[in-house]
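Single-letter residue listing:
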Amino acid sequence: MTVHNASQPKIQKKIDQRNYDIWLNFLVALLATNLFSIFLAGHSNTDLNFLFMEDGPLENLSAGFYFCAAAIFAIGFKNKPAPLRFWCLFFAVLMFLVGGEEISWGQRIFGIVTPESLNAVNVQNEFNIHNIDGIHQYVRTVGVAFVGLFCFLIPISNRLNQRMSQLYVQLGVPIFPLNTIWLVTLSIVFMIVPRALNLGMLELFMLDEIGEFLLSFAWIPFALNNSFELRSSQTRLNTISKA
């Protein structure tokens, strides 16, 4: 009877997590469908193109999602034990930097003038780092490698390989939720397929913005999953330590 009662919270937690996953995936699928529909409509209606332009709603929301993920990871840094807390700090700083870079640190919002020294080496004459000549050419490759590592390789190997799972636990590596991998895949599709189809620069830019927007949203469940949820792997780590 005691065992049965003890298992009830775990069962309820799994049910709540499954319901959360269903609603999250439904919301994102609906959002992606609507964005693509707006793109198709905007293709022949320039009045809608402002949504996808530089400093448009989509780009600003992307930055907002990164800042939100940074704040959640900051809470994880405060509440989680080592070594996970140090990863939370790493991602909090990283998400904040990416969000700031996304909107060029509010350059056009606050009317910041690009310093001459930066303007001379920035390929888009903007107040940011990722467009500096020499960095601009490789930033997308580095980003794809990072996403591939943390959004695909680590969570999949964590699920399939017990030794790798134990290693991630010992190092406190945050695990990207498998149920959100499809969202990252979809964002990559929005950025790769248009290039494979040799679409025009305007269409390429607009679809890129949709892909980047979806990717920025994907980091929020990742942050929530590692900053607030008690990872079952932590229990395995305690078991390993006592063995």
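Presented here is an overview of the structure given in this document. The structure displayed is predicted, hence computed values, not measured ones. (Residues numbered from 1 in each chain as written. Predicted model: local features only at pLDDT ≥ 70, side-chain atom pairs only at ≥ 80, totals over all residues. Heavy atoms only, no water.)

**Here's the deal with the overall build of the chain**
Item 1. Helix and strand counts for the chain stand at ten helices and zero strands.
Item 2. Ordered by position from the N terminus, the helices and strands of the chain form the series α-α-α-α-α-α-α-α-α-α.
Item 3. Per-residue burial over the chain gives 37% buried out of 243 residues.
Item 4. Of the contacts formed within the chain by residues at least 6 apart in sequence, a portion of 65% connects residues at least 24 apart. (Helix = DSSP H or I, 4+ residues; strand = E, 2+ residues; numbered from the N terminus. Buried < 20%, exposed > 50% of the residue type's maximum accessible area, 1.4 Å probe, protein only. Contact = heavy atoms within 4.5 Å.)

**Concerning the pattern of salt bridges**
Item 1. If you walk through the whole model with that rule in mind, you get three salt bridges.
Item 2. A salt bridge links Arg 140 to Asp 208; the shortest N-O distance between them is 3.7 Å. Of the two residues, Arg 140 is situated in helix α6 (residues 136-160) and Asp 208 in helix α9 (residues 201-227); the sequence distance between them amounts to 68 residues.
Item 3. We classify Asp 208 as buried; its relative accessible area is 8%.
Item 4. Asp 208 is the partner of Arg 195 in a salt bridge, and the nearest nitrogen-oxygen pair spans 2.9 Å. (Salt bridge = Lys/Arg side-chain N within 4 Å of Asp/Glu carboxyl O.)

**Regarding the nonpolar core**
Item 1. Residues Phe 73, Phe 91, Met 95, Phe 176, Val 184, Ile 210 and Trp 219 are the most contacted members of the largest nonpolar core, which totals 37 residues.
Item 2. With twelve residues, α9 is the largest single contributor of residues to this core.
Item 3. Among residues more than four places away in sequence, those in contact with Val 184 are Val 147, Cys 151, Phe 152, Phe 176, Leu 215 and Ala 218. (Core = buried A, V, L, I, M, F, W, Y, C linked by side-chain atoms within 4.5 Å.)

**Section: unusual backbone geometry**
Item 1. With omega at 5°, the peptide bond leading from Ala 82 into Pro 83 counts as cis.
Item 2. Mapped onto the elements, Pro 83 comes out in the loop between α2 (57-79) and α3 (84-102).
Item 3. Located in the positive-phi region is Asn 125, a residue other than glycine, with phi close to 55°.
Item 4. With respect to the helices and strands, the residue Asn 125 is situated in the loop between α5 (116-119) and α6.

**Some words on the packing of aromatic side chains**
Item 1. Tallied over the entire structure, the rule returns 19 aromatic pairs.
Item 2. Ring geometry for Phe 65 versus Phe 213: centroids 5.4 Å apart, planes at 50°, classification tilted. Here Phe 65, found in helix α2, pairs with Phe 213, found in helix α9; they are 148 residues apart in sequence, far enough to count as distant.
Item 3. Judged by its relative accessible area of 17%, Phe 65 falls in the buried class.
Item 4. Between Phe 73 and Phe 222, the ring centres sit 5.5 Å apart and the planes meet at 70°, which makes this aromatic pair edge-to-face. With Phe 73 in helix α2 and Phe 222 in helix α9, this residue pair connects regions lying 149 residues apart in the sequence.
Item 5. Its relative accessible area of 0% is what places Phe 222 among the buried residues. (Phe/Tyr/Trp six-rings, centres within 6.5 Å; stacked < 30°, edge-to-face > 60°.)

**Examining the side chain of Asn 128**
Item 1. Inspection of the secondary structure puts Asn 128 in the loop between α5 and α6.
Item 2. Within the structure, Asn 128 has its side chain in polar contact with the side chain of Glu 126 (distance 2.9 Å).
Item 3. For Asn 128, the side chain forms a polar contact with the main-chain nitrogen of Asn 131, separated by 3.4 Å.
Item 4. Ignoring anything within four residues of it in the chain, the contact list for Asn 128 reads Glu 101, Ser 104, Trp 105, Leu 118 and Asn 122. (Polar contact = N/O pair within 3.5 Å; in protein donor to acceptor, adjacent residues only side chain to side chain.)

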